[in-house]
There are 2 protein chains.
Amino acid sequence: MSTLELSARQTADFELLANGGFKPLEGFQGSADWQAICDSMRLADGSPWPIPVTLATDRGEVGETLSLVGSEGTRLGTITIEEVYERDLQHEAQQVYRTTDGQHPGVAAMLREGSRTIAGPISADALPSHIDAVAPYLLSPADTRAKFAELGWKTVVGFQTRNPIHRAHEYITKAALEIVDGLFIHPIVGETKDDDIPADTRMRCYEVLLERYYPPDRVLLGVNPSAMRYAGPREAIFHALVRKNYGCTHFIVGRDHAGVGSYYGTFDAQVIFDEFEPGELGIEPLKFEHSFWCNITKGMATAKTSPSGPEDRVFLSGTKVREMLGRGERPPEEFSRPEVADVLIEAYTGSGAPA
Amino acid sequence: MSTLELSARQTADFELLANGGFKPLEGFQGSADWQAICDSMRLADGSPWPIPVTLATDRGEVGETLSLVGSEGTRLGTITIEEVYERDLQHEAQQVYRTTDGQHPGVAAMLREGSRTIAGPISADALPSHIDAVAPYLLSPADTRAKFAELGWKTVVGFQTRNPIHRAHEYITKAALEIVDGLFIHPIVGETKDDDIPADTRMRCYEVLLERYYPPDRVLLGVNPSAMRYAGPREAIFHALVRKNYGCTHFIVGRDHAGVGSYYGTFDAQVIFDEFEPGELGIEPLKFEHSFWCNITKGMATAKTSPSGPEDRVFLSGTKVREMLGRGERPPEEFSRPEVADVLIEAYTGSGAPA
C-alpha cells in the first residue's frame with residue numbers, strides 16, 4: 001500500500017473526520033458535495049455544510065487505498081479512493097471565502113494545495129499526536145458529550161477562539177453562560193496564521209484565567225485540533241456545526257467571527273445564520289457585539305448595554321497591546337487579567353517563556 | 001342597565017382584557033376555562049394559560065349586561081353575562097397558588113372576593129385612569145409592538161419587576177439584552193403588597209437608572225397595569241404570556257420569580273417552563289440565578305460565572321437595605337446606583353418624597 005503524507009491542515013481534518021467532529025462526514029469529500037457546498041452551503045443531500053473538507057494531492061487513483069501519515073509522523077489510517085477530480089479553486093475561493101485574493105490566508109492555503117483532489121471514506125487507526133500543552137485537553141465529541149451529561153448540563157454554550165481571552169471575551173462567555181448550564185471553551189489549536197499567538201502560550205493563558213476567574217463546575221476547557229480557514233461567515237457556520245457535534249446547544253458568534261483583514265463586514269458572520277431555517281443547524285447562535293470596560297457603568301459592557309461614547313470605553317488595539325506586552329508592561333486591569341498578561345509578557349519578552 | 005363597581009384587581013384585569021394584554025381572552029372566564037386552568041394550566045381549548053381571570057361578585061344574572069365602573073371611577077364599559085357559577089376557592093388556591101394558606105397574599109385576595117363568579121365577554125369604552133407618574137408609560141401591546149418594529153428590534157426580552165432595580169437586576173437585564181435586540185422593562189404597577197414600594201417611587205427609580213446607565217436606543221420602559229398575584233411558578237408563566245402579547249420574544253425568569261414568603265422553591269418558577277413543549281408558549285424564558293458584585297472578578301456575576309464564596313460577594317438583605325435608606329444612607333455602589341438610592345432615601349425619609 002502506498003503512503004501519503006498529509007499536510008498539517010489535512011492532518012487536522014483527518015482528526016476531526018476520525019473523532020466525529022465533522023459528523024456526518026465519513027471521509028474527504030467528493031465533487032457532488034464540493035459543488036453543493038460551494039453553491040448552496042449544503043451537502044449534496046441538502047443538509048447544512050459550509051466549507052468543503054477535501055484532500056488535494058497529486059497521488060492516488062480510483063480504487064486504490066492509500067496509507068495516510070500525519071504531518072507530525074503518526075500512521076493515521078487509510079483512505080479508499082472513490083473519486084479523483086479537479087476542484088475549480090477560483091470558484092471555491094469566491095463562494096467559500098468571498099474573495100479570490102491570494103493574500104487571504106485561507107485562499108492562499110487552498111491555492112498552495114492545488115486542485116487535484118481525491119475523495120473517499122477514511123479508516124482511522126490512530127489520531128495525530130499533539131504538543132504537551134495541548135494533549136490533556138484533547139477531548140473527542142464523545143468525551144465532551146459524556147462529560148456534559150455527567151455534569152448535568154442540558155444546555156452548553158461553545159466558545160471558539162484562536163486568541164488569549166482578555167476581559168472582553170471573558171465578559172461575552174459569561175453573559176452567554178448566564179442563560180445556559182455550562183460553558184465549553186474550545187480554542188482552535190490547529191494551524192493558524194504566523195502572527196497568531198501559538199497554542200502553547202494560549203493554553204497557559206486559558207489555564208490561569210479559568211483557575212482564578214471562572215467557577216470550575218460551570219466551565220470545561222477542550223481543544224479543537226482543526227485548522228483555521230479565516231473564511232469569516234462560512235467558517236462561523238462551520239465552527240457552530242462542529243461544536244454541535246461536541247455536544248453544544250448554543251454557540252457564541254462575535255463581531256467579525258473567524259475573519260481576517262477587511263474581507264468581511266463586521267456582522268456578516270452573524271447575519272449568515274439567518275440563511276438557515278430556525279432549528280435547521282441544531283445549534284443556536286448567540287450573537288455578541290464588541291465589548292469593553294465602560295467607565296460610566298463601571299463594568300464590562302457592549303454598545304447595547306452601555307450608554308458610553310468612545311471616550312468612556314477602555315479599548316486598546318491589538319498592536320498597542322502587543323507593544324505593551326513586548327515592553328513587559330501589563331495592559332490595564334480593565335482590559336486584561338494580570339495573570340493572563342504575565343503569561344503573554346513571558347512569551348513576548350522571551351523571559352522564561354512557556355515551553 | 002345596572003352598574004357594577006370593580007375592585008382594584010378587577011379593574012386591572014379589565015384593562016388587560018381590553019388592551020390585548022390577556023389575549024386570547026375576550027372577557028372574564030367561565031367555569032370550563034376555570035376548571036381547565038386549575039387542573040392543567042390550560043384553557044378549555046388546550047392553549048397554555050396558568051391563572052384564572054375571573055369576576056367575583058354577588059351581582060348580575062345570566063343574560064344581563066352590566067355597566068362596569070373602575071375602582072378609580074372611570075366608566076369602563078360592559079360585561080354581557082353568559083354564565084354565573086361558584087368557584088371552588090380551595091381547589092383554585094391549591095392548584096394555582098400551591099397553598100390554601102389564607103396568609104398568602106394572592107390566596108387572601110381571592111378569598112376576600114368570594115366564590116360567586118360571573119363570566120362573559122367585555123366591551124370597553126375607556127381604560128382606567130392612572131397616577132401621573134405612571135400615565136406616560138401606559139403603552140398597550142399594540143403600542144409596544146409598533147415601537148419595537150419602529151426600532152427594528154426583532155428579538156426583545158421582557159423584564160417583569162415590582163421593585164426598584166438595583167445592580168443585581170440591572171446586571172441580569174443587561175446580560176439578557178446582550179443576546180437580543182432590545183430590552184422591555186415592564187414593571188407591574190397594579191395592586192401590590194402593602195410593603196412593596198409604591199409605583200410612583202419606583203417609576204422615578206427606573207427613570208434615573210435608565211437615564212444614566214442604559215443606552216436609550218436599546219431599552220423601552222412601559223408599565224403593566226396588572227395586579228400581582230404572588231403565585232410564583234404559575235405567575236411566571238402568566239407574566240411570560242402577557243409579555244408575549246406585548247411583543248416580547250424572550251422573558252427573564254429569576255430566582256423565586258413572583259414568589260412571596262417561602263411558599264415556593266427557589267427554582268420552581270424556572271422549572272415550570274419545562275412542563276410545556278418547546279415553542280408552545282411562544283416566548284422563550286431566560287433563566288437567571290441570583291446576582292451580586294463579586295470582589296474576585298471585580299464585576300457583577302452569579303454563582304454560575306463567579307468562583308467566589310459568600311465572603312467575596314456584596315450582598316445585602318432587603319431589611320438591611322431598608323434600614324440604611326431609612327437612615328438616609330446609600331447602600332454600597334456595588335449594590336445600588338447612587339441615583340436610585342437617592343430616590344429611595346427621599347421616599348423612605350419623607351424628605352421631599354416624590355409626589
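Above this text you will find the structure in question.
An account of the accompanying structure is given in this report. (Residues numbered from 1 in each chain as written. Chains lettered and ligands numbered in written order. Predicted model: local features only at pLDDT ≥ 70, side-chain atom pairs only at ≥ 80, totals over all residues. Heavy atoms only, no water.)

Description of the pattern of salt bridges
Pairing between side chains of opposite charge can happen when the charged atoms of each approach one another.
Residues and elements named next belong to chain A.
Piece 1. Going through the model one piece at a time under the given rule, you end up with 34 salt bridges over all chains.
Piece 2. Between Lys-287 and Asp-274 there is a salt bridge, and its shortest N-O distance comes to 3.3 Å. Highlighted residues: Lys-287 in strand S12 (residues 284-287) and Asp-274 in the loop between helix H9 (268-271) and S12, separated in sequence by 13 residues.
Piece 3. The network of salt bridges with common partners includes Glu-170, Lys-174 and Arg-337. (Salt bridge = Lys/Arg side-chain N within 4 Å of Asp/Glu carboxyl O. Helix = DSSP H or I, 4+ residues; strand = E, 2+ residues; numbered from the N terminus.)

Quick word on helix H3 (residues 89-97) of chain A
Residue and element names in this part refer to chain A.
Piece 1. For H3, the full list of buried residues reads Leu-89, Glu-92, Ala-93, Val-96 and Tyr-97. Across the axial projection of H3, the buried residues extend over an arc of 100 degrees, all falling on one side.
Piece 2. Against the buried residues of H3 lie helix H1 (8-19), helix H2 (31-40), helix H4 (105-113) and helix H8 (233-245).
Piece 3. If you check the start of H3, you find a side-chain oxygen 3.2 Å away from the backbone N of Gln-90, and it comes from Asp-88.
Piece 4. Where H3 terminates, the next one or two residues include Arg-98, which has phi positive at roughly 65 degrees. (Buried < 20%, exposed > 50% of the residue type's maximum accessible area, 1.4 Å probe, protein only. Arc of directions from axis to C-beta. Contact = heavy atoms within 4.5 Å. Polar contact = N/O pair within 3.5 Å; in protein donor to acceptor, adjacent residues only side chain to side chain.)

Considerations on the relation of the copies chain B and chain A
Piece 1. With an RMSD of 0.0 Å, the fit of chain B onto chain A corresponds to turning through 180 degrees and sliding 0.0 Å along the axis. Taken together, these values place the two copies in the relation of a two-fold axis. It is B:Ala175 whose C-alpha, among those of chain B, lies nearest the rotation axis, at 2.6 Å.
Piece 2. Most of the interface of chain B is mirrored in chain A, where 100% of its interface residues again form contacts. (Least-squares fit on C-alpha atoms with pLDDT ≥ 70 in both.)

A look at the sheet that holds strand S11 (residues 250-253) of chain A
Residue and element names in this part refer to chain A.
Piece 1. What the 5 strands build is an open sheet, ordered S10-S9-S8-S11-S12; its pairing is parallel. Every interior strand has two partners, whereas the edge strands, strand S10 (219-221) and S12, have only one. Strand-to-strand twist of the sheet, defined as the mean angle between neighbouring strand axes without regard to direction, takes the value 25 degrees.
Piece 2. Docked against the sheet, helix H5 (residues 141-151) engages strand S8 (156-161), strand S9 (182-187) and S10, running at close to 160 degrees with respect to S10.
Piece 3. Against the sheet, helix H6 (residues 167-177) makes contact with S8, S9, S11 and S12, and its axis sits at roughly 165 degrees relative to S8, the strand it touches most. (Pairing = 2+ DSSP bridges. Axes fitted to C-alpha atoms, helices over the stretch in contact; angles between N-to-C directions.)

Section: the interface of chain B and chain A
Piece 1. The interface of chain B with chain A comprises 31 residues on the first partner and 31 residues on the second.
Piece 2. Approximately 2600 Å² of surface area, both sides summed, lies buried where chain B meets chain A, with 51% of it carried by carbon and sulfur atoms.
Piece 3. Counting the contacts that link chain B with chain A gives 4 salt bridges.
Piece 4. For the pair chain B and chain A, the number of links is 19 residue pairs in polar contact (both at pLDDT 80 or more). (Buried area = accessible area lost by both parts, 1.4 Å probe.)

As for the environment of B:His239
Residue and element names in this part refer to chain B.
Piece 1. Here His-239 shows up in helix H8 (residues 233-245).
Piece 2. Considering only alpha carbons, one finds His-239 and Ala-258, 19 residues apart in sequence, at a separation of 8.9 Å.
Piece 3. Looking at His-239, its side chain comes within polar contact range of the side chain of His-257, at 2.9 Å.

Concerning the packing of aromatic side chains
Piece 1. In total, this model carries 14 aromatic pairs over all chains according to the counting rule given.
Piece 2. Taking the centre distance of 5.3 Å and the plane angle of 45 degrees together, the rings of A:Phe22 and A:Phe238 count as tilted. Here A:Phe22 is found in the loop between H1 and strand S2 (27-28), whereas its partner A:Phe238 is found in helix H8, with 216 residues between them in sequence. As far as burial versus exposure is concerned, A:Phe22 and A:Phe238 are alike and both buried.
Piece 3. Between B:Phe184 and B:Tyr246 the ring centres are 6.1 Å apart and the planes differ by 35 degrees, which places this aromatic pair in the tilted class. Taken together, the residues B:Phe184 in strand S9 (residues 182-187) and B:Tyr246 in the loop between H8 and strand S11 (250-253) connect sequence positions 62 residues apart. We note that B:Phe184, like B:Tyr246, is buried.
Piece 4. Pairwise contacts between aromatic rings join A:Phe148, A:Trp153, A:Phe184 and A:Tyr246 into one cluster.
Piece 5. The residue whose ring lies beneath B:Lys174 is B:Tyr214, and the NZ or CZ to ring-centre distance is 4.6 Å. (Phe/Tyr/Trp six-rings, centres within 6.5 Å; stacked < 30°, edge-to-face > 60°. Lys NZ or Arg CZ within 6 Å of the ring centre and 35° of its normal.)

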